[in-house]
Every structure is written in C-alpha cells, then in structure tokens.
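What follows is each chain in one-letter form.
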Protein chains: 2
Amino acid sequence: MEVKNAIIGQSGGPTAAINATLAGVIEGCLSSACIDKIFGMRHGIEGVINKDILLLNDFFTDEYNRMLLKQTPASALGSCRVKLPDPSTDDAVYQTIFGFLKEKDIGYFFYIGGNDSMDTIDKLNRYAAAHSISFVRFIGVPKTIDNDLVGTDHTPGYGSAAKYIAASMAEIARDCAVYTVPAVTIVEIMGRDAGWLTASAALAESINGQGADFIYLPEIPFTADRLFADVERAFQTHPNVVIAVSEGLRLADGEYVGASGQNGAVDVFGHKYLAGTGKTLEAMIKNHFSCKVRTVEINILQRCAAHVLSSTDIEESIQTGRAAVQAGEQGESGVMVCMNRTEEYTVQYHTVPVSQIANQIKTVPTSFINKEGNNVTETCVSYLKPLIQGEQTILWENGLPKHFYF
Amino acid sequence: MEVKNAIIGQSGGPTAAINATLAGVIEGCLSSACIDKIFGMRHGIEGVINKDILLLNDFFTDEYNRMLLKQTPASALGSCRVKLPDPSTDDAVYQTIFGFLKEKDIGYFFYIGGNDSMDTIDKLNRYAAAHSISFVRFIGVPKTIDNDLVGTDHTPGYGSAAKYIAASMAEIARDCAVYTVPAVTIVEIMGRDAGWLTASAALAESINGQGADFIYLPEIPFTADRLFADVERAFQTHPNVVIAVSEGLRLADGEYVGASGQNGAVDVFGHKYLAGTGKTLEAMIKNHFSCKVRTVEINILQRCAAHVLSSTDIEESIQTGRAAVQAGEQGESGVMVCMNRTEEYTVQYHTVPVSQIANQIKTVPTSFINKEGNNVTETCVSYLKPLIQGEQTILWENGLPKHFYF
C-alpha cells in the first residue's frame, strides 16, 4: 500500500464541535498505515491556493493537545467562504490547487464544512475526474450548527448548539417570569433557511419545564395575524410571553421578515445578510399591545459556546472525522460522511456522494411542526432529545475553559 | 429568647445566584432557635402589600429542593421594582405592611436585592424607628450582577456573571478570529453606571489567551476619536478587532452613547432605559472604516446563565444569606450583609447600615483603568480573578440543568 500525505481544512461558519472533528480526522490519520504527514490548510481552501499550510503532526502527536483541541470552539485552522469557479469555465485556480497537492504528495484531502464546503469537494472531485487525476481522494466531513445537510440524520455541531440554546431558553424563561408586568420576550435564533436551531428551544419546556410559548420557524410563512392572536391568547393565562423565532422567518411571498431595513447585501454565496427579525416582531408587538417587549439575539454565542458541550455531539464529531479517514483509505472520493440513526439511539457512519449534498438544504419536515404552525411536535422533540445528552467533561484553568492555540 | 417568624423577599433584576442566597437565608432560619415559620413574599414587597406569601418550610426542609434552588436562575419567589413612598409624606402603605407583619408575627424581614432594594429596607427601618416599632428587624442581603454596591468588596451574583462573560468573551474572540477579512465585533455588556461586568471581559485574555482588544467602561467618557484611533491601530496587527463595551457608555457631558434614538423613557427609579450602545458604535465604525461590523449583545443571558456558575460565588451567596440570619439573631436592623476580602483570598462577613448603601453606586476605581482609558489594569484583573474560580457542580437531567419549581 502506497503511503501518502493528508491535508485537512475547515470551512464555513465556526462551531463548538468543528475542532473535535478536526481532532478525529487527525487521530484517524495518525493511526492509518496509508498516511504519513498530516497538513492543515490555513483558512480552508485559501491555504492551498496561497500555500499557507501547517504540519499538524508537530502539534497533535501529543494527546493533551488533541484533548484541548476537542474543547476549543471555532475553526482552529481558520476558515474561509471561498466559492470555487465552475471548472469548465476557469481552471487557473484548479491548476494551482492540484499542482500544490501533487508537490506535497497529498493522497487524502479532508474538508470539514457545510453544504457550501461540499460544493468545494464536489468541484475538486469533478475536476480530478475530468482530467484523469487519481492521486488524491476528496472526502467531505460534515459540520454545521444549522443541521441542514441532506443525506445525514443530523450534523456534528448541531447537538452542542441545541444544548446551549435549550439551556439558555430555560434560563431566559425563568428570568422573564419574575415580574408581574405584562411583557413579551423575543429570542432570535440562527437559521437562514431551516428552523432546526430554533426548534431546539422546545427542549427547554419539554425537559426543564419552562421555555418558549411559541416557536416560529422559517418553514411556516409568518403572518402578523397569527403573531397577534398567539400573544393575545398567551396573555390570558400569564403576563410573560416568550417567543423563539428563527432569524430566517419569511412572509408567504418568501421575503425575509427581517429584510425590511436591510440593504439587500448578499454574501459570496448569494445568501442575504439578515438582521432584525426579532426587532421587527418587537416593533409590531409594541405597536399592537403597547406592552414591554424585549429582543434577545443569541447571535454567535450559539455557535461558539464551548463551555457547555453535548458529549453525544462531541463523540459523534470525533467519530465522523475518523470515519472520513476510513472512507479515504477505502478509496472513496467525492463523498461526505453521514450518520444513520438506529431505533435505540445510536448512529452508524456511511458516505453519500457530495454531489447529492452540495448547495442543498434540509428543512424541518412537516411532521415536526404542529398544525397551528407555532410550535414543534412530540415527534420533533423525540428526534432532538438524544442529540443533547451528556455533558462533555472539559478542562478548566483558573476559572475558564482552556483552549488550544497554535 | 422569643421565637418569631421570618419573611424573605427577592427584589430587583434576577441573577444566577440570588436563589443560592435565598437558600442560604432559608438554611440559616431552619437552624435558628429564634425562628419558627419561614414565609416567602411573592414578587418582593408587593407580596407583603398584597398578602401574597408562601410558607417556605413546606418546600425547603427538604435538602434536595434546597440543592435545586441553589442552581436555579432568576428569582424563584418573583421580583418587583416597587419604590416605597417617602414615609413622612405617605404612610398608608406602611400601615398595610406593618399590620401584615404584626399579624403574621414576623420578627425577621430579609430582603435580597441591590441598592434600590436597600432603599426599601432603609425606609421600612426608618419608619419603624420613627413609630417606635421594635417587633421586627430589617436585614438587607446583597444581590446584583452589577457589583455596584458600596460597603462590600463585591456582590453575590457578580462572580458567576463575570465567569459567564469571560468564558463567552474567550469563545467570541475565537469565533471572530477564523476569517481573514477585516471585521470589528462589538460585544455589548450590561452595566448602566458602573463598568464592573464589562471589566470582567478582561479575564478572557488574561486567563485564556484571547479576548477583547479594547474595553470601554462608563467611567471613562467616550469619544469617537479614541474609538477610531484604537480600531485603526488594532487593524495594523490583525484583521479581527473585538471591543467590549458597556451599555452605559457615556459622552463627556454625561449623555448615554446609546441614548440617541431612545425615547427618553425612564423606569420607576428614574433610570433611563438603554439600548443600542453597541449598535451606535457599529454604525460609527461602518461609516468610518467601511468594514464588516457586528454587534453581540449578551443581554439577559449574562444574568441568568446558571448552567455555568462560579463555585466561589455560589458559596459566598449562600454564606451571605446565612450571615443575614445571624445579624438578625444578634438584634441588628437596617443593615446589609457585606464582604471584606482578606489578602490571601477569603471573605469575612459583616454588616453596614443600609442608609450608607441605598441609592448609591460603586463605580470602577481609577486604579483599575489604564491611562489610555481603553482597557483595565493588572490590579483590576487581580481583583477579579478570585471571583470566578471553581465550577459549581450542578445536577443535569436529560441534557439540561434541572431547576426548582414551586
């Protein structure tokens, strides 16, 4: 068996678990008979294009450093939001990339990311196939707090974000309940197109006993009438109303509720920048009910809060990384590692071609949303519960979680 | 020794530790030979005025319930923001209060809160003195995440909030560092008049290695020139600039930076409602540097995040409650329990007359702020560090912290 080198990159938005996956890939590589050097791309594919890489063996043959890496939030190697050009119209960047991979004797290319990152894997794999390049295998490793990747039961990173959101939701609900003055608290949660993160707010009430009165997902078109009717009804039984709302909430015509007042700017992938869904609802409720209204945006805290991690999520994140190395060893390319759930909750790892994953979004299914469209169902809660189980034991030093630094 | 009943109330903004103090007072009462029944006011002094009380013995002779109470955020008894009238001009409400206390044979009145709550204790105590009422003793028990009470080295609740802010700050700094595109992240932290909470952001860099580039406190007048010069200089060494800013940041003339766009509304204590300090700075930086700017408002999460608690803070919160009962047993009235710090960090509990505490604010001293006015000093960090030490062991159930419910 020919021994080659491996290279690993992280791409897209950071999560609290993406470094656990990086550690899993590194551990898989370290114990692989097919792999010698393990390189890390600085800032994803930018690191390959700019020849900015690190030799990871120097840092991570040490087990203590791998342990710290697993509890360090955000992308330790740095990230990027580069979208590669269509290989059939512009192949300059591909020549740079493949030239560098050849020069470094890379046989395994691991890319940890979401559906945009799988687009990168897909394009590299197609370019290689079209040019009969076979020295390198491209393996996608899933990562996203959004849980919106098709082909996999759920995504590494989602469980820890869901645990943080649910714990925070329970705490916010307690905080809001202390006064007798009628008030509405809106909690805005991430999720541009899929309501998975917002749905996890339901775990607060289901497990802890108190949470959001209503949960508004982007999958259900928003109407002011529904909002006013919901708040009106809730006020009949208690003075403090809490609403969990997705930043990606939309009107029936597809327009984002929070898009009013935005300048229409889009990112490199054509995604609209969003802000103000909560603030928009806040203004509507203030105007209609003349009561106190507050908006809490959980913001980037939900994707980086590594001081509280789901041990189920962290273990799966590590194993997903190891499964990626196995897929590479077995000669697969252009695939992403996915998870199947079994009935008694465990997961099995397999691969799915990235061409079926890239640029697609898995939304919350209809069976997970109640018929009124203002909360999730028991089926959804049953799906979510296993993902937040267990508290990852982390190392604290002088009162704060300890992080790995290069 | 005459045996009487006790009544306990919680007032002002909730914290993650105020119920630990409630548990401490309850434990002190349970083991006191002077105290029989322990009543809880629903929503602070409102509960006395409206005769809405609970018999706490029913719930908390059970040790497991006290344990849950100690890890439950927000005010379990409910809170209020009532300001009692001047006793010399309007004594109707005092007649109601003292009549009810007499009826229930209350000998000990414990009130857990901040400087507004100490104003309540002070007025009740002065009314009693002026009317030769001696059957009841009024003891204040400190509570505030703001750490702005005079007379005490620090306040119960502050350490856990500081720990949460510092941990979140370290995580946010990691999250912000992953991209190469120049960007500024503003983290808005609570604190209307004192910068203690914002100062705690400094622990992230000091302990963990990465945090805010600059820390702007309300104690130092804000100028746009300083902001632009700071960001300009930071951009010379790294693309991701992080600024921790107090919601109470002010201009030299005392006007709140975040007051622009507000409607000038004030709460019952005459405090201005604040919002938008971070957003105001965001607009200024966007306009000046044309770079990406994001604002993270930690919002009420910083006062209710009981999933991560400083064990130093929780232990002191409990002991403060017990010390309040001792002060009552010893015949004190019109006082608040305070903490002295000794050189090798421990604390000693004593009392200070509430008349010296009510309606006053302890701000961050000059020696704690650097001469540029854009960060804190080592002296400040040394003061802060002991307060966030230790991770309180809490009970989790099905993936979430378990809370106490009446």
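To start, this report covers the structure provided alongside it.

Cut-offs applied
Residues numbered from 1 in each chain as written. Chains lettered and ligands numbered in written order. Predicted model: local features only at pLDDT ≥ 70, side-chain atom pairs only at ≥ 80, totals over all residues. Heavy atoms only, no water. Helix = DSSP H or I, 4+ residues; strand = E, 2+ residues; numbered from the N terminus. Rg over C-alpha atoms; globule rule 2.2 N^0.38 Å. Buried < 20%, exposed > 50% of the residue type's maximum accessible area, 1.4 Å probe, protein only. Contact = heavy atoms within 4.5 Å. Areas by Shrake-Rupley, 256 points an atom, 1.4 Å probe, with all protein chains shown as cover. Lys, Arg positive; Asp, Glu negative; His and termini not counted. Charge placed at Lys NZ, Arg CZ, Asp CG, Glu CD. Pairing = 2+ DSSP bridges. Axes fitted to C-alpha atoms, helices over the stretch in contact; angles between N-to-C directions. Least-squares fit on C-alpha atoms with pLDDT ≥ 70 in both. Right-handed = clockwise from strand over helix to strand, strands pointing away.

What about the overall build of chain A?
Moving on, step 1. Check the secondary structure of chain A and you find 14 helices and 13 strands.
Moving on, step 2. In terms of overall dimensions, chain A is globule-like: its C-alpha atoms have a radius of gyration of 22 Å, near the 22 Å expected for 406 residues.
Moving on, step 3. Its C-alpha atoms give chain A principal-axis dimensions of roughly 70 × 50 × 40 Å.
Moving on, step 4. For chain A, the residues scored as buried account for 62% of the 406 residues in total.
Moving on, step 5. Long-range contacts, defined as pairs at least 24 residues apart, comprise 77% of the intrachain contacts of chain A with a sequence gap of at least 6.
Moving on, step 6. In the structure as shown, chain A presents an accessible area of about 14,300 Å², 47% of it carried by carbon and sulfur atoms.
Moving on, step 7. Positive and negative side-chain charges of chain A, numbering 32 and 46 respectively, have mean locations separated by a distance of 2 Å.

Re the sheet that holds strand S7 (residues 214-216) of chain B
Residue and element names in this part refer to chain B.
Moving on, step 1. Within the open sheet, the four strands sit side by side as S7-S8-S6-S9. Their pairing is parallel. In this open sheet, the two strands that pair with only one neighbour each are S7 and strand S9 (292-297). Each strand of the sheet is rotated relative to its neighbour by a mean of 20°, with strand direction disregarded.
Moving on, step 2. Against the sheet, helix H7 (residues 158-176) contacts strand S6 (183-189), strand S8 (240-246) and S9, and its axis sits at roughly 165° relative to S6.
Moving on, step 3. Along the sheet, helix H10 (residues 224-235) contacts S6, S7 and S8; its crossing angle with S7, the most-contacted strand, is approximately 165°.

What to know about unusual backbone geometry
All names here are of chain B.
Moving on, step 1. The phi dihedral of His43 falls on the positive side, at around 60°, and the residue is not glycine.
Moving on, step 2. Residue classification places His43 among the buried residues on the basis of a relative accessible area of 13%.
Moving on, step 3. Phi angles above zero are rare outside glycine, and Asn398 is one such case at about 55°.

Quick notes on the sheet that holds strand S10 (residues 335-341) of chain A
Residue and element names in this part refer to chain A.
Moving on, step 1. Strand order in the open sheet formed by seven strands is S3-S2-S1-S4-S5-S10-S11, with mixed pairing between adjacent strands. The open sheet has two edge strands, strand S3 (53-55) and strand S11 (347-353), and neither has a second partner. Strand after strand, the sheet turns through a mean of 30° between neighbouring axes, direction not considered.
Moving on, step 2. For strand S1 (residues 4-10) and strand S2 (residues 35-41), the ladder comprises four bridges, and the chain directions are parallel. Bridge pairing in S2 links Ile7 to Phe39.
Moving on, step 3. Packing of helix H1 (residues 18-30) onto the sheet brings it into contact with S1, S2, strand S4 (106-113) and strand S5 (137-142), and relative to S1 it is tilted by some 175°.

Here we look at the relation of the copies chain A and chain B
Moving on, step 1. For the pair chain A and chain B, the relating rotation is 180°, the translation along its axis is 0.0 Å, and the fit reaches an RMSD of 0.0 Å. Given the turn and translation reported, the copies of this chain are related as if by a two-fold rotation axis.
Moving on, step 2. Interface overlap between copies: 100% of the residues of chain A at the interface are likewise at the interface in chain B, consistent with a symmetric, same-surface contact.

Section: the pairing of S1(A)
Working note: regular strand, side chains alternate between the two faces of the sheet.
Residue and element names in this part refer to chain A.
Moving on, step 1. Within S1, seven of the seven residues are buried, leaving the element largely enclosed by the surrounding structure.
Moving on, step 2. What joins S1 to S2 is H1, and the crossover it makes is right-handed.
Moving on, step 3. Inspection of the sheet shows S1 paired to S4 by six bridges, in the parallel sense. Residue pairing in the sheet places Gln10 in a bridge with Ile112 of S4.

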